[in-house]
Protein chains: 2
Amino acid sequence: MPIQARSQATIEAIFEATIQVLLQGGARALTTNRIAEKAGVSIGTLYQYFPGKEALLYALVGRHLDKAGEAVERACRVHGGMSLADCADLFVDAYIDAKAGDVAVSRALYHASTELDMQDLGAAMLARLHQAVRGLLEHAHGGQPETLDTIVFSWVAVVTGGTRVLFEQDGTIERLPAFRAQLKLMSRAYLDILGTSDMRTDHTRNGECYLAKT
Amino acid sequence: MPIQARSQATIEAIFEATIQVLLQGGARALTTNRIAEKAGVSIGTLYQYFPGKEALLYALVGRHLDKAGEAVERACRVHGGMSLADCADLFVDAYIDAKAGDVAVSRALYHASTELDMQDLGAAMLARLHQAVRGLLEHAHGGQPETLDTIVFSWVAVVTGGTRVLFEQDGTIERLPAFRAQLKLMSRAYLDILGTSDMRTDHTRNGECYLAKT
DNA sequence: ACAATGTGTGAGCATTTGCTCATATGTCTT
DNA sequence: AAGACATATGAGCAAATGCTCACACATTGT
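Residues numbered from 1 in each chain as written. Chains lettered and ligands numbered in written order. Predicted model: local features only at pLDDT ≥ 70, side-chain atom pairs only at ≥ 80, totals over all residues. Heavy atoms only, no water.

Caption draft 1: Quick look at the nonpolar core. Within the largest apolar cluster, 138 residues are counted, with the highest numbers of intra-cluster contacts made by F91, L137 and W155 of chain A together with F91, L137 and W155 of chain B. Those residues in contact with W155 of chain B that lie beyond four places of it in its chain are C87, A88, F91, V92, V133, L137, S187, Y190 and L191 of chain B. (Core = buried A, V, L, I, M, F, W, Y, C linked by side-chain atoms within 4.5 Å. Buried < 20%, exposed > 50% of the residue type's maximum accessible area, 1.4 Å probe, protein only. Contact = heavy atoms within 4.5 Å.)

Caption draft 2: View of the packing of helix 6 (residues 103-113) of chain B against helix 8 (residues 145-169) of chain B. All names here are of chain B. One can describe the packing of helix 6 onto helix 8 by two numbers: an axis separation of 10 Å at closest approach and a directional angle of 100°. Between helix 6 and helix 8, the angle falls in the class roughly perpendicular. Residue-level inspection shows V103, R107 and Y110 of helix 6 in contact with helix 8, the latter providing R164, F167 and E168. Here the residues of the contact of helix 6 with helix 8 are counted per class, giving three nonpolar, no polar and three charged. (Axes fitted to C-alpha atoms, helices over the stretch in contact; angles between N-to-C directions. Helix = DSSP H or I, 4+ residues; strand = E, 2+ residues; numbered from the N terminus. Parallel < 35°, antiparallel > 145°, perpendicular 65-115°, else oblique. Nonpolar A, V, L, I, M, F, W, Y, C, P; charged D, E, K, R; others polar.)

Caption draft 3: Representation of the packing of helix 4 (residues 53-77) of chain B against helix 5 (residues 84-100) of chain B in the model. Residues and elements named next belong to chain B. Contact geometry for helix 4 and helix 5: axes closest at 9 Å, N-to-C directions at 155°. When the axes of helix 4 and helix 5 are compared, the pair comes out roughly antiparallel. By crossing handedness, the relation of helix 4 to helix 5 is classed as right-handed. Across the interface between the two elements, L65, A68, A71, V72, A75 and C76 of helix 4 pack against L90, F91, A94, Y95, A98 and K99 of helix 5. (Left-handed = near helix turned anticlockwise from the far one by under 90°.)

Caption draft 4: Structural detail: the protein's contact with DNA strand D. In the vicinity of DNA strand D there are 24 residues, among which T10, S42, T45 and Y49 of chain A together with Y47 of chain B approach most closely. The sugar-phosphate share of atoms of DNA strand D within 4 Å of the protein amounts to 67%. R6 of chain A places a polar side-chain atom, nitrogen or oxygen, 3.4 Å from a sugar or linking oxygen of DNA strand D. At a separation of 3.2 Å, a phosphate oxygen of DNA strand D approaches a polar side-chain atom of T45 of chain A. (Near = heavy atom within 4 Å. Polar contact = N/O pair within 3.5 Å; in protein donor to acceptor, adjacent residues only side chain to side chain.)

Caption draft 5: The relation of the copies chain B and chain A, seen in detail. Overlay of chain B on chain A (RMSD 0.1 Å): rotation 180°, translation along the axis 0.0 Å. Taken together, the rotation and translation describe the operation of a two-fold axis. Nearest to the rotation axis, the C-alpha of G161 of chain B is located 1.9 Å from it, this being the minimum over chain B. Take the interface residues of chain B: 100% of them recur as interface residues in chain A, which is what a same-surface contact looks like. (Least-squares fit on C-alpha atoms with pLDDT ≥ 70 in both.)

Caption draft 6: A look at the protein's contact with DNA strand C. Taken together, the neighbourhood of DNA strand C is formed by 24 residues, with Y47 and K53 of chain A together with T10, T45 and Y49 of chain B sitting nearest. Of what DNA strand C places within 4 Å of the protein, 61% of the atoms are sugar or phosphate. In this structure, a phosphate oxygen belonging to DNA strand C sits 3.2 Å away from a side-chain N or O atom of R34 of chain A. Between a phosphate oxygen of DNA strand C and a side-chain N or O atom of S7 of chain B, the distance comes to 3.4 Å. Elements supplying a minimum of two residues to the surface near DNA strand C: helix 2 (32-39) and helix 3 (43-49) of chain A together with helix 1 (5-25) and helix 3 (43-49) of chain B. Take the surface near DNA strand C: its biggest share by element is five residues, from helix 3 of chain B. Grouping the constituent residues of the surface near DNA strand C by class yields eight nonpolar, 12 polar and four charged.

Pasting the structure below:
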(Lines give C-alpha, C1' and ligand atoms only; values in the text may rest on other atoms or scores of the structure.)
Protein backbone atom coordinates (compact mmCIF):
# COMPACT_ATOMS: atom_id res chain seq x y z
CA MET A 1 0.00 0.00 0.00
CA PRO A 2 2.80 2.52 0.63
CA ILE A 3 4.07 3.45 -2.81
CA GLN A 4 6.03 6.58 -2.09
CA ALA A 5 8.35 6.99 0.84
CA ARG A 6 6.61 9.91 2.51
CA SER A 7 3.49 7.88 3.20
CA GLN A 8 5.46 5.59 5.46
CA ALA A 9 6.88 8.60 7.25
CA THR A 10 3.36 9.94 7.70
CA ILE A 11 2.17 6.70 9.21
CA GLU A 12 5.13 6.71 11.55
CA ALA A 13 4.36 10.27 12.56
CA ILE A 14 0.77 9.32 13.30
CA PHE A 15 1.88 6.39 15.43
CA GLU A 16 4.32 8.52 17.34
CA ALA A 17 1.78 11.28 17.82
CA THR A 18 -0.73 8.77 19.15
CA ILE A 19 1.73 7.68 21.80
CA GLN A 20 2.57 11.26 22.70
CA VAL A 21 -1.05 12.28 23.06
CA LEU A 22 -1.68 9.19 25.15
CA LEU A 23 1.26 9.95 27.41
CA GLN A 24 0.33 13.58 27.89
CA GLY A 25 -3.42 13.49 28.16
CA GLY A 26 -4.39 9.92 28.84
CA ALA A 27 -7.10 7.89 27.18
CA ARG A 28 -9.64 10.66 27.52
CA ALA A 29 -7.63 13.07 25.42
CA LEU A 30 -7.01 10.58 22.67
CA THR A 31 -9.02 11.99 19.77
CA THR A 32 -8.31 11.60 16.11
CA ASN A 33 -8.16 15.35 15.60
CA ARG A 34 -5.62 15.76 18.36
CA ILE A 35 -3.52 12.94 16.99
CA ALA A 36 -3.50 14.47 13.53
CA GLU A 37 -2.61 17.87 14.92
CA LYS A 38 0.23 16.46 17.00
CA ALA A 39 1.51 14.49 14.04
CA GLY A 40 1.53 17.60 11.90
CA VAL A 41 -0.83 16.12 9.35
CA SER A 42 -4.40 16.89 8.53
CA ILE A 43 -7.27 14.84 9.85
CA GLY A 44 -8.08 13.71 6.34
CA THR A 45 -4.64 12.19 5.97
CA LEU A 46 -5.14 10.13 9.10
CA TYR A 47 -8.33 8.66 7.74
CA GLN A 48 -6.60 7.82 4.49
CA TYR A 49 -4.39 5.32 6.25
CA PHE A 50 -6.68 4.06 8.96
CA PRO A 51 -10.38 3.33 8.49
CA GLY A 52 -11.07 4.58 11.98
CA LYS A 53 -9.74 5.36 15.39
CA GLU A 54 -10.05 1.78 16.53
CA ALA A 55 -8.04 0.48 13.61
CA LEU A 56 -5.27 2.94 14.35
CA LEU A 57 -5.03 1.87 17.96
CA TYR A 58 -5.31 -1.77 17.03
CA ALA A 59 -2.40 -1.46 14.62
CA LEU A 60 -0.29 0.45 17.10
CA VAL A 61 -0.86 -1.93 19.98
CA GLY A 62 -0.32 -4.88 17.69
CA ARG A 63 2.98 -3.51 16.54
CA HIS A 64 4.22 -3.07 20.08
CA LEU A 65 3.10 -6.45 21.23
CA ASP A 66 4.69 -7.97 18.18
CA LYS A 67 8.00 -6.38 18.96
CA ALA A 68 7.95 -7.66 22.53
CA GLY A 69 6.82 -11.11 21.50
CA GLU A 70 9.54 -11.37 18.92
CA ALA A 71 12.18 -10.38 21.44
CA VAL A 72 11.09 -13.10 23.84
CA GLU A 73 10.94 -15.69 21.09
CA ARG A 74 14.41 -14.79 19.95
CA ALA A 75 15.76 -15.15 23.45
CA CYS A 76 14.05 -18.47 23.97
CA ARG A 77 15.44 -20.03 20.82
CA VAL A 78 18.95 -20.38 22.16
CA HIS A 79 18.72 -22.81 25.01
CA GLY A 80 21.08 -25.64 24.32
CA GLY A 81 21.43 -27.77 27.42
CA MET A 82 20.44 -25.22 29.98
CA SER A 83 19.55 -25.92 33.56
CA LEU A 84 16.02 -25.17 34.66
CA ALA A 85 17.33 -22.35 36.79
CA ASP A 86 18.90 -20.80 33.71
CA CYS A 87 15.67 -21.26 31.79
CA ALA A 88 13.83 -19.43 34.53
CA ASP A 89 16.26 -16.54 34.42
CA LEU A 90 16.19 -16.47 30.66
CA PHE A 91 12.45 -15.99 30.31
CA VAL A 92 12.12 -13.59 33.21
CA ASP A 93 14.92 -11.43 31.86
CA ALA A 94 13.68 -11.59 28.29
CA TYR A 95 10.16 -10.59 29.18
CA ILE A 96 11.04 -7.84 31.61
CA ASP A 97 13.65 -6.42 29.25
CA ALA A 98 11.16 -6.43 26.41
CA LYS A 99 8.68 -4.52 28.55
CA ALA A 100 11.02 -2.31 30.52
CA GLY A 101 12.27 -0.50 27.45
CA ASP A 102 9.36 1.88 27.43
CA VAL A 103 7.26 1.35 30.49
CA ALA A 104 5.33 4.54 29.97
CA VAL A 105 4.41 3.61 26.43
CA SER A 106 3.34 0.15 27.47
CA ARG A 107 1.14 1.54 30.17
CA ALA A 108 -0.35 4.16 27.91
CA LEU A 109 -1.13 1.68 25.19
CA TYR A 110 -2.59 -0.75 27.64
CA HIS A 111 -4.90 1.87 29.05
CA ALA A 112 -5.98 2.88 25.59
CA SER A 113 -6.59 -0.67 24.51
CA THR A 114 -9.28 -1.24 27.09
CA GLU A 115 -11.59 1.12 25.27
CA LEU A 116 -11.56 -1.22 22.34
CA ASP A 117 -11.99 -4.90 21.98
CA MET A 118 -8.43 -6.09 21.91
CA GLN A 119 -8.63 -9.27 23.87
CA ASP A 120 -7.58 -11.15 20.77
CA LEU A 121 -4.31 -9.26 20.65
CA GLY A 122 -3.59 -10.05 24.28
CA ALA A 123 -4.57 -13.66 23.75
CA ALA A 124 -2.30 -13.91 20.73
CA MET A 125 0.57 -12.50 22.74
CA LEU A 126 -0.05 -14.99 25.53
CA ALA A 127 -0.20 -17.85 23.05
CA ARG A 128 3.08 -16.75 21.53
CA LEU A 129 4.79 -16.60 24.89
CA HIS A 130 3.27 -19.95 25.75
CA GLN A 131 4.77 -21.59 22.68
CA ALA A 132 8.16 -20.04 23.24
CA VAL A 133 8.31 -21.06 26.88
CA ARG A 134 7.01 -24.50 26.06
CA GLY A 135 9.88 -24.97 23.70
CA LEU A 136 12.20 -23.83 26.40
CA LEU A 137 11.03 -26.43 28.92
CA GLU A 138 9.88 -29.26 26.72
CA HIS A 139 12.95 -31.43 26.86
CA ALA A 140 13.21 -31.11 30.62
CA HIS A 141 9.75 -32.46 31.27
CA GLY A 142 9.02 -36.13 31.53
CA GLY A 143 5.34 -36.04 32.43
CA GLN A 144 2.25 -35.64 30.32
CA PRO A 145 2.01 -32.80 27.80
CA GLU A 146 -1.09 -31.34 29.37
CA THR A 147 0.74 -31.11 32.65
CA LEU A 148 3.48 -29.13 30.98
CA ASP A 149 0.92 -26.85 29.37
CA THR A 150 -0.62 -26.15 32.73
CA ILE A 151 2.75 -25.30 34.17
CA VAL A 152 3.71 -23.10 31.26
CA PHE A 153 0.40 -21.29 31.28
CA SER A 154 0.59 -20.60 34.99
CA TRP A 155 4.17 -19.47 34.85
CA VAL A 156 3.60 -17.15 31.91
CA ALA A 157 0.49 -15.72 33.53
CA VAL A 158 2.35 -15.07 36.74
CA VAL A 159 5.38 -13.48 35.11
CA THR A 160 3.40 -11.24 32.76
CA GLY A 161 0.75 -10.37 35.29
CA GLY A 162 3.19 -9.70 38.08
CA THR A 163 5.28 -7.49 35.85
CA ARG A 164 2.21 -5.54 34.83
CA VAL A 165 1.25 -4.93 38.42
CA LEU A 166 4.74 -3.66 39.13
CA PHE A 167 4.75 -1.31 36.17
CA GLU A 168 1.31 0.02 36.93
CA GLN A 169 1.98 0.66 40.55
CA ASP A 170 5.57 1.75 40.35
CA GLY A 171 5.95 4.06 37.40
CA THR A 172 9.51 4.88 38.35
CA ILE A 173 10.49 1.21 38.09
CA GLU A 174 12.31 1.74 41.35
CA ARG A 175 11.45 -1.70 42.57
CA LEU A 176 12.18 -3.42 39.30
CA PRO A 177 15.60 -4.88 40.18
CA ALA A 178 14.40 -6.39 43.43
CA PHE A 179 11.24 -7.69 41.81
CA ARG A 180 13.18 -9.19 38.96
CA ALA A 181 15.38 -11.09 41.39
CA GLN A 182 12.41 -12.35 43.35
CA LEU A 183 10.63 -13.40 40.20
CA LYS A 184 13.64 -15.43 39.19
CA LEU A 185 13.86 -17.01 42.60
CA MET A 186 10.21 -17.90 42.52
CA SER A 187 10.43 -19.25 38.98
CA ARG A 188 13.41 -21.43 39.82
CA ALA A 189 11.75 -22.81 42.90
CA TYR A 190 8.62 -23.55 40.89
CA LEU A 191 10.29 -25.07 37.88
CA ASP A 192 12.45 -27.29 40.01
CA ILE A 193 9.31 -29.25 40.70
CA LEU A 194 9.52 -30.33 37.09
CA GLY A 195 12.70 -32.21 37.75
CA THR A 196 12.03 -33.55 41.21
CA SER A 197 8.52 -34.96 41.16
CA ASP A 198 5.25 -35.22 39.38
CA MET A 199 2.91 -32.26 39.54
CA ARG A 200 0.22 -34.24 41.23
CA THR A 201 2.02 -34.94 44.46
CA ASP A 202 1.03 -32.83 47.36
CA HIS A 203 4.06 -30.83 48.27
CA THR A 204 2.90 -30.01 51.71
CA ARG A 205 4.53 -33.16 52.95
CA ASN A 206 7.85 -32.58 51.27
CA GLY A 207 8.43 -29.34 53.08
CA GLU A 208 8.19 -29.46 56.84
CA CYS A 209 6.46 -26.88 58.89
CA TYR A 210 9.02 -24.16 58.59
CA LEU A 211 7.24 -21.95 61.03
CA ALA A 212 9.75 -20.40 63.44
CA LYS A 213 7.59 -19.74 66.46
CA THR A 214 8.65 -16.45 68.12
CA MET B 1 -26.77 12.06 53.25
CA PRO B 2 -29.47 9.44 52.73
CA ILE B 3 -32.33 10.51 54.96
CA GLN B 4 -35.15 8.49 53.55
CA ALA B 5 -34.85 4.84 52.63
CA ARG B 6 -35.66 5.13 48.94
CA SER B 7 -32.62 7.23 48.22
CA GLN B 8 -30.39 4.35 49.24
CA ALA B 9 -32.37 2.09 46.97
CA THR B 10 -31.90 4.55 44.13
CA ILE B 11 -28.17 4.63 44.62
CA GLU B 12 -28.10 0.86 44.65
CA ALA B 13 -30.09 0.77 41.45
CA ILE B 14 -27.66 3.18 39.82
CA PHE B 15 -24.69 1.05 40.88
CA GLU B 16 -26.33 -2.09 39.61
CA ALA B 17 -27.31 -0.43 36.34
CA THR B 18 -23.75 0.78 35.84
CA ILE B 19 -22.49 -2.77 36.11
CA GLN B 20 -25.17 -4.05 33.77
CA VAL B 21 -24.45 -1.43 31.12
CA LEU B 22 -20.76 -2.17 31.44
CA LEU B 23 -21.32 -5.90 31.04
CA GLN B 24 -23.57 -5.54 28.03
CA GLY B 25 -21.98 -2.75 26.08
CA GLY B 26 -18.48 -2.31 27.39
CA ALA B 27 -16.73 0.88 28.34
CA ARG B 28 -17.78 2.64 25.17
CA ALA B 29 -21.46 2.28 25.94
CA LEU B 30 -21.11 3.53 29.49
CA THR B 31 -22.93 6.86 29.37
CA THR B 32 -24.73 8.56 32.19
CA ASN B 33 -27.97 8.66 30.24
CA ARG B 34 -27.85 4.95 29.59
CA ILE B 35 -27.09 4.21 33.21
CA ALA B 36 -30.01 6.29 34.37
CA GLU B 37 -32.34 4.67 31.87
CA LYS B 38 -31.25 1.18 32.88
CA ALA B 39 -31.63 2.04 36.54
CA GLY B 40 -35.14 3.26 35.91
CA VAL B 41 -34.38 6.72 37.25
CA SER B 42 -34.07 10.04 35.51
CA ILE B 43 -30.75 11.50 34.55
CA GLY B 44 -31.29 14.33 37.00
CA THR B 45 -31.57 11.88 39.85
CA LEU B 46 -28.22 10.38 38.96
CA TYR B 47 -26.56 13.77 39.13
CA GLN B 48 -28.15 14.42 42.48
CA TYR B 49 -26.15 11.63 44.04
CA PHE B 50 -22.94 11.83 42.04
CA PRO B 51 -21.24 15.04 40.95
CA GLY B 52 -20.26 13.42 37.68
CA LYS B 53 -19.64 10.26 35.78
CA GLU B 54 -16.15 9.87 37.14
CA ALA B 55 -17.29 10.12 40.73
CA LEU B 56 -19.89 7.42 40.14
CA LEU B 57 -17.33 5.03 38.71
CA TYR B 58 -14.85 5.88 41.40
CA ALA B 59 -17.36 5.08 44.12
CA LEU B 60 -18.40 1.85 42.45
CA VAL B 61 -14.89 0.57 41.89
CA GLY B 62 -13.89 1.60 45.39
CA ARG B 63 -16.77 -0.31 46.86
CA HIS B 64 -15.85 -3.48 45.03
CA LEU B 65 -12.18 -3.27 45.86
CA ASP B 66 -13.07 -2.62 49.45
CA LYS B 67 -15.18 -5.71 49.61
CA ALA B 68 -12.42 -7.88 48.18
CA GLY B 69 -9.76 -6.32 50.38
CA GLU B 70 -11.83 -6.87 53.48
CA ALA B 71 -12.37 -10.51 52.59
CA VAL B 72 -8.65 -11.10 52.26
CA GLU B 73 -7.90 -9.27 55.47
CA ARG B 74 -10.46 -11.31 57.32
CA ALA B 75 -8.97 -14.54 56.03
CA CYS B 76 -5.44 -13.48 56.94
CA ARG B 77 -6.27 -12.63 60.52
CA VAL B 78 -6.68 -16.22 61.63
CA HIS B 79 -3.28 -17.77 61.25
CA GLY B 80 -2.26 -19.19 64.58
CA GLY B 81 0.78 -21.39 64.14
CA MET B 82 0.41 -22.20 60.49
CA SER B 83 3.04 -23.69 58.28
CA LEU B 84 4.32 -21.61 55.42
CA ALA B 85 2.62 -23.94 52.99
CA ASP B 86 -0.68 -23.31 54.70
CA CYS B 87 -0.02 -19.59 54.61
CA ALA B 88 0.53 -19.82 50.89
CA ASP B 89 -2.69 -21.69 50.35
CA LEU B 90 -4.55 -19.32 52.61
CA PHE B 91 -3.70 -16.17 50.71
CA VAL B 92 -4.06 -17.70 47.27
CA ASP B 93 -7.46 -19.09 48.14
CA ALA B 94 -8.61 -15.93 49.85
CA TYR B 95 -7.64 -13.70 46.96
CA ILE B 96 -8.96 -15.92 44.20
CA ASP B 97 -12.20 -16.53 46.06
CA ALA B 98 -12.64 -12.83 46.58
CA LYS B 99 -12.20 -12.19 42.89
CA ALA B 100 -13.82 -15.28 41.46
CA GLY B 101 -17.21 -14.42 42.86
CA ASP B 102 -18.00 -12.13 39.98
CA VAL B 103 -15.31 -12.37 37.37
CA ALA B 104 -17.35 -10.57 34.78
CA VAL B 105 -18.00 -7.65 37.10
CA SER B 106 -14.37 -7.41 38.07
CA ARG B 107 -13.30 -7.34 34.45
CA ALA B 108 -15.93 -4.81 33.51
CA LEU B 109 -15.03 -2.50 36.34
CA TYR B 110 -11.38 -2.81 35.59
CA HIS B 111 -11.88 -1.90 31.98
CA ALA B 112 -13.99 1.06 32.97
CA SER B 113 -11.50 2.26 35.52
CA THR B 114 -8.78 2.80 32.97
CA GLU B 115 -10.67 5.70 31.47
CA LEU B 116 -10.31 7.51 34.71
CA ASP B 117 -7.45 8.14 37.03
CA MET B 118 -7.86 5.40 39.54
CA GLN B 119 -4.32 4.38 40.21
CA ASP B 120 -4.75 5.48 43.79
CA LEU B 121 -7.51 2.94 44.28
CA GLY B 122 -5.37 0.17 42.90
CA ALA B 123 -2.42 1.30 44.97
CA ALA B 124 -4.54 1.37 48.10
CA MET B 125 -5.73 -2.15 47.41
CA LEU B 126 -2.17 -3.35 46.91
CA ALA B 127 -1.06 -1.69 50.14
CA ARG B 128 -3.90 -3.34 51.99
CA LEU B 129 -3.02 -6.77 50.66
CA HIS B 130 0.61 -6.09 51.46
CA GLN B 131 -0.15 -5.36 55.09
CA ALA B 132 -2.39 -8.38 55.44
CA VAL B 133 0.15 -10.74 53.91
CA ARG B 134 2.94 -9.19 55.90
CA GLY B 135 1.09 -9.99 59.06
CA LEU B 136 0.65 -13.51 57.80
CA LEU B 137 4.35 -14.11 57.29
CA GLU B 138 5.94 -11.83 59.83
CA HIS B 139 6.57 -14.33 62.59
CA ALA B 140 8.07 -16.84 60.19
CA HIS B 141 10.73 -14.52 58.93
CA GLY B 142 14.04 -14.07 60.68
CA GLY B 143 15.79 -11.72 58.29
CA GLN B 144 15.58 -7.99 57.83
CA PRO B 145 12.20 -6.28 57.53
CA GLU B 146 12.99 -4.82 54.12
CA THR B 147 13.73 -8.27 52.86
CA LEU B 148 10.35 -9.41 54.02
CA ASP B 149 8.72 -6.43 52.35
CA THR B 150 10.36 -7.29 49.08
CA ILE B 151 9.14 -10.84 49.32
CA VAL B 152 5.64 -9.82 50.24
CA PHE B 153 5.47 -7.23 47.48
CA SER B 154 6.64 -9.67 44.86
CA TRP B 155 4.36 -12.41 46.00
CA VAL B 156 1.31 -10.16 46.12
CA ALA B 157 2.13 -8.73 42.71
CA VAL B 158 2.49 -12.17 41.22
CA VAL B 159 -0.68 -13.57 42.74
CA THR B 160 -2.86 -10.57 41.86
CA GLY B 161 -1.32 -10.06 38.45
CA GLY B 162 -1.39 -13.70 37.52
CA THR B 163 -5.01 -14.00 38.55
CA ARG B 164 -5.89 -10.96 36.47
CA VAL B 165 -4.25 -12.44 33.41
CA LEU B 166 -6.20 -15.62 33.90
CA PHE B 167 -9.51 -13.83 34.27
CA GLU B 168 -8.91 -11.61 31.30
CA GLN B 169 -7.89 -14.38 28.99
CA ASP B 170 -10.20 -17.08 30.20
CA GLY B 171 -13.63 -15.58 30.77
CA THR B 172 -15.12 -18.97 31.43
CA ILE B 173 -12.72 -19.56 34.34
CA GLU B 174 -12.22 -22.99 32.90
CA ARG B 175 -8.58 -23.04 33.84
CA LEU B 176 -9.11 -21.58 37.28
CA PRO B 177 -8.81 -24.81 39.32
CA ALA B 178 -5.58 -25.85 37.64
CA PHE B 179 -4.17 -22.36 37.90
CA ARG B 180 -5.11 -22.12 41.54
CA ALA B 181 -3.26 -25.34 42.28
CA GLN B 182 -0.18 -24.19 40.38
CA LEU B 183 -0.23 -20.83 42.11
CA LYS B 184 -0.27 -22.58 45.47
CA LEU B 185 2.56 -24.84 44.43
CA MET B 186 4.59 -21.89 43.24
CA SER B 187 3.84 -19.90 46.37
CA ARG B 188 4.84 -22.74 48.65
CA ALA B 189 8.07 -23.31 46.79
CA TYR B 190 8.83 -19.61 46.96
CA LEU B 191 7.93 -19.06 50.57
CA ASP B 192 9.91 -22.06 51.68
CA ILE B 193 12.98 -20.00 50.92
CA LEU B 194 11.97 -17.92 53.91
CA GLY B 195 12.59 -20.80 56.25
CA THR B 196 15.56 -22.44 54.61
CA SER B 197 17.96 -19.65 53.78
CA ASP B 198 18.55 -15.97 53.46
CA MET B 199 17.24 -14.21 50.42
CA ARG B 200 20.63 -13.15 49.32
CA THR B 201 22.03 -16.59 48.59
CA ASP B 202 22.17 -17.58 45.01
CA HIS B 203 19.90 -20.54 44.71
CA THR B 204 21.40 -21.76 41.51
CA ARG B 205 23.85 -23.78 43.54
CA ASN B 206 21.28 -25.33 45.85
CA GLY B 207 19.39 -26.94 43.05
CA GLU B 208 21.41 -29.02 40.70
CA CYS B 209 21.02 -28.94 36.99
CA TYR B 210 17.75 -30.77 36.78
CA LEU B 211 17.80 -30.89 33.07
CA ALA B 212 16.81 -34.36 31.88
CA LYS B 213 18.58 -34.59 28.55
CA THR B 214 16.34 -36.42 26.07
C1' DA C 1 -54.19 20.42 56.59
C1' DC C 2 -50.14 22.46 55.54
C1' DA C 3 -45.71 23.85 54.97
C1' DA C 4 -40.83 22.23 54.85
C1' DT C 5 -37.79 19.46 52.92
C1' DG C 6 -36.20 15.35 50.75
C1' DT C 7 -36.52 13.14 46.26
C1' DG C 8 -37.43 12.56 41.28
C1' DT C 9 -38.19 14.38 36.37
C1' DG C 10 -36.65 15.05 31.46
C1' DA C 11 -36.39 18.42 27.71
C1' DG C 12 -32.64 20.50 26.04
C1' DC C 13 -28.05 23.02 25.82
C1' DA C 14 -23.05 23.44 24.97
C1' DT C 15 -19.50 20.89 23.66
C1' DT C 16 -17.01 17.26 21.70
C1' DT C 17 -16.19 13.45 18.71
C1' DG C 18 -15.40 10.59 14.70
C1' DC C 19 -15.44 11.17 10.21
C1' DT C 20 -16.52 12.84 4.95
C1' DC C 21 -15.60 15.01 0.74
C1' DA C 22 -14.53 18.32 -2.59
C1' DT C 23 -10.30 20.16 -3.54
C1' DA C 24 -5.31 21.07 -3.68
C1' DT C 25 -0.56 19.79 -3.90
C1' DG C 26 3.16 16.83 -4.51
C1' DT C 27 5.64 12.91 -7.30
C1' DC C 28 6.43 9.82 -11.03
C1' DT C 29 6.36 8.23 -15.93
C1' DT C 30 6.70 9.15 -20.68
C1' DA D 1 5.65 19.42 -20.35
C1' DA D 2 1.89 17.03 -19.27
C1' DG D 3 -1.01 13.76 -17.85
C1' DA D 4 -1.71 10.13 -14.24
C1' DC D 5 -1.64 8.91 -9.83
C1' DA D 6 -0.37 9.19 -4.92
C1' DT D 7 -0.72 11.99 -1.08
C1' DA D 8 -2.42 15.88 1.77
C1' DT D 9 -5.88 19.45 3.21
C1' DG D 10 -9.43 21.25 6.52
C1' DA D 11 -14.06 23.22 6.84
C1' DG D 12 -17.89 21.26 8.48
C1' DC D 13 -21.59 17.71 9.48
C1' DA D 14 -24.31 14.26 12.08
C1' DA D 15 -24.38 12.11 16.20
C1' DA D 16 -23.38 11.50 20.87
C1' DT D 17 -22.26 12.93 25.56
C1' DG D 18 -22.06 15.10 30.08
C1' DC D 19 -24.69 17.85 32.47
C1' DT D 20 -28.19 21.85 34.05
C1' DC D 21 -32.32 23.65 35.71
C1' DA D 22 -36.91 24.80 36.38
C1' DC D 23 -40.42 22.12 38.01
C1' DA D 24 -43.26 18.08 40.00
C1' DC D 25 -43.99 14.56 43.34
C1' DA D 26 -43.32 12.16 47.93
C1' DT D 27 -42.59 12.03 52.88
C1' DT D 28 -42.32 13.94 57.26
C1' DG D 29 -43.39 16.71 61.34
C1' DT D 30 -46.76 19.60 63.53
